[in-house]
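# Remarks on the overall topology
As a plain string of letters, each chain reads:
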Amino acid sequence: MKIALIGYGKMGKMIEQIALGRGHQIVSIIDIDNQQDFDSEAFASADVAIEFTNPTAAYGNYLRAFAHNVKVVSGSTGWMKDHGDDVRKMCAEGGQTLFWASNFSIGVAIFSAVNRYLAKIMNGFPQYSVTMEETHHVHKLDAPSGTAITLAEEIIDNIDRKDSWVKGTLTAPDGHIEGSADCADSELRIDSVRRGEVPGIHTIAYDSEADCITITHDAHSRKGFALGAVLAAEYTAQHSGLLTISDMFKF
């Protein structure tokens with residue numbers, strides 16, 4: 001398979017290693033300093049482009065890839081609110097293909113399935129209050145993480161007493177805490193911590209007077225995310241439309 005990389009940071013470099021190891025060819029690498037390569041023959045020859053950049057660049061990257069009818073796998077978050085409807089229309093009516101996920105880790109896909117199942121059970125036990133905390137490296141710009149938001153939305157979909165999520169506290173690398181732990185009973189609070197080079201930890205806790213039930217996903221490295229992105233590219237090459245993890249893994 002011919003793969004183009006959009007974004008060549010730590011994640012892009014790890015995706016490159018894994019893709020090459022699985023027998024694929026990297027035909028184009030686009031970063032901030034060579035945006036003109038979107039219009040190159042090499043980029044247009046790609047079966048799939050894998051995009052990991054930032055919320056401000058992602059949507060524009062999709063448009064430039066779609067202009068050459070190149071399918072896109074993307075892990076960028078933060079663009080959905082402003083551009084989600086446009087992207088859905090392009091995939092549904094314009095013949096384009098985007099595989100989007102807030103997290104490509106196989107372990108997170110499994111964790112997400114457990115999260116949904118546990119939320120369905122806890123819907124019948126209102127004595128348990130639910131909270132969430134996510135911890136990431138100091139370079140991560142958004143808080144809460146896209147993965148945390150996805151997990152929170154899954155809980156809200158399955159627990160009648162919760163109708164929305166809210167941003168809780170943010171613990172900065174220097175220990176400074178901003179934000180608030182206060183929220184309405186109908187809101188699910190997501191607290192964030194930024195420290196060191198943590199790849200990603202997500203913890204969901206159901207607390208009652210009697211006990212506490214906690215589930216956690218703790219990533220050891222970015223390798224799981226990178227492998228999942230390449231697996232998604234392999235899947236996307238054979239499928240079309242707006243795709244996500246639930247299409248690839250039938251949990």
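Here, every reference points to the structure presented above.
## Some thoughts on the overall build of the protein chain
When you go through the protein chain residue by residue, the secondary structure sums to 8 helices and 12 strands. The C-alpha radius of gyration computed for the protein chain amounts to 19 Å, which stays within 12% of the reference 18 Å derived for 251 residues, consistent with globular compactness. Its C-alpha atoms put the protein chain at 65 × 40 × 35 Å along the principal axes. Going through the 251 residues of the protein chain one by one, you find that 47% of them count as buried. In the protein chain, 66% of the contacts between residues at least 6 apart in sequence involve partners at least 24 apart. Surface accessibility of the protein chain: about 12200 Å² in total, with carbon and sulfur atoms responsible for 51%. Averaging the locations of the 21 positively and 33 negatively charged side chains of the protein chain gives two centres separated by 4 Å.

## A closer look at the environment of Leu 227
Considering the arrangement of structural elements, one finds Leu 227 in helix H7 (residues 223-236). According to the relative accessible area criterion, Leu 227 is partly exposed, its value standing at 29%. Spatially, the C-alpha atom of Leu 227 lies 8.1 Å from that of Ala 19, the residues being 208 residues apart in sequence. Contacts of Leu 227, omitting those with residues within four sequence positions, involve Ile 18, Arg 22 and Ile 106.

## Digging into H7
The α-helix advances 3.6 residues per turn, and as a result positions three or four apart in sequence lie on the same side. With 14 residues, H7 extends 20 Å from end C-alpha to end C-alpha; this agrees with the ideal 20 Å at 1.5 Å per step. Along H7, 10 of the 14 residues are buried, which leaves the element largely enclosed by surrounding structure. Buried within H7 we find Phe 225, Ala 226, Gly 228, Ala 229, Val 230, Leu 231, Ala 232, Ala 233, Tyr 235 and Thr 236.

## Details of the layout of surface pockets
Roughly 1000 Å³ of internal volume is contained in the largest pocket. Met 11, Phe 52, Thr 53, His 137 and Lys 140 are, among the 36 residues lining the largest pocket, the residues nearest its centre. Of all the secondary structure elements, the ones that give two or more residues to the lining of the largest pocket are helix H1 (10-21), helix H3 (55-66) and helix H6 (146-158). Per-class residue counts for the lining of the largest pocket are 12 nonpolar, 19 polar and 5 charged. Considering only enclosed or pocket space, the second largest pocket measures out at about 810 Å³ in volume. In terms of lining, the second largest pocket is formed by 34 residues, of which the most central are Trp 100, Ser 102, Thr 150, Glu 153 and Glu 154. Among the elements that make up the lining of the second largest pocket, the one with the highest residue count is H6 (9 residues). Of the residues that constitute the lining of the second largest pocket, the class distribution is 15 nonpolar, 13 polar and 6 charged.

## Side note on the side chain of Ser 105
Topologically, Ser 105 is positioned in the loop between strand E5 (98-100) and helix H5 (106-122). Those residues in contact with Ser 105 that sit more than four places away from it in its chain are His 217, Gly 224 and Phe 225.

## Here's the deal with the nonpolar core
Core analysis: the largest hydrophobic core is formed by 27 residues, its most contacted members being Ile 15, Ile 50, Val 73, Phe 99, Phe 104, Ile 245 and Met 248. Sorting elements by how many residues they give to this core places H7 first, with 8 residues. When residues no more than four places from it in sequence are discounted, the contact partners of Met 248 are Phe 99, Gly 228, Leu 231, Ala 232 and Tyr 235. Ala 4, Tyr 59, Trp 79 and Trp 100 belong to the second largest nonpolar core, which has 20 residues in total.

## Observations regarding the pairing of strand E7 (residues 164-171)
Across 6 bridges, E7 lies against strand E9 (residues 187-194) in parallel orientation. From the neighbouring strand, Leu 170 faces E9, where its bridge partner is Ser 192. Where E7 and strand E8 (residues 177-179) come together, 3 bridges link them in antiparallel fashion. Following the sheet pairing, Leu 170 is matched in E8 by Glu 178.

## Let's talk about the packing of H5 against H6
Packed helix pairs are characterised by how far apart their axes lie and by the angle those axes make with each other. Put simply, H5 and H6 touch, their axes get as near as 8 Å, and they point 25 degrees apart. As summarised for this structure, H5 and H6 are arranged roughly parallel, according to the angle between their axes. Crossing of H5 against H6: the hand is right-handed. Here Val 108, Phe 111, Ser 112, Asn 115, Arg 116, Ala 119 and Lys 120 of H5 lie close against H6, whose contacting residues are Thr 147, Leu 151, Glu 154, Ile 155 and Asn 158. Of the residues contributing to the contact of H5 with H6, the split by class is 5 nonpolar, 4 polar and 3 charged.

Conventions adopted
- Residues numbered from 1 in each chain as written.
- Predicted model: local features only at pLDDT ≥ 70, side-chain atom pairs only at ≥ 80, totals over all residues.
- Heavy atoms only, no water.
- Helix = DSSP H or I, 4+ residues; strand = E, 2+ residues; numbered from the N terminus.
- Rg over C-alpha atoms; globule rule 2.2 N^0.38 Å.
- Buried < 20%, exposed > 50% of the residue type's maximum accessible area, 1.4 Å probe, protein only.
- Contact = heavy atoms within 4.5 Å.
- Areas by Shrake-Rupley, 256 points an atom, 1.4 Å probe, with all protein chains shown as cover.
- Lys, Arg positive; Asp, Glu negative; His and termini not counted.
- Charge placed at Lys NZ, Arg CZ, Asp CG, Glu CD.
- Expected span 1.5 Å × (residues − 1).
- 1 Å grid on protein atoms, 1.4 Å probe; cavity = no way out; pocket = protein on both sides within 12 Å on 5 of 7 lines; lining within 4 Å.
- Points joined across faces, edges and corners; volume = space filled by probe spheres on them.
- Nonpolar A, V, L, I, M, F, W, Y, C, P; charged D, E, K, R; others polar.
- Core = buried A, V, L, I, M, F, W, Y, C linked by side-chain atoms within 4.5 Å.
- Pairing = 2+ DSSP bridges.
- Axes fitted to C-alpha atoms, helices over the stretch in contact; angles between N-to-C directions.
- Parallel < 35°, antiparallel > 145°, perpendicular 65-115°, else oblique.
- Left-handed = near helix turned anticlockwise from the far one by under 90°.

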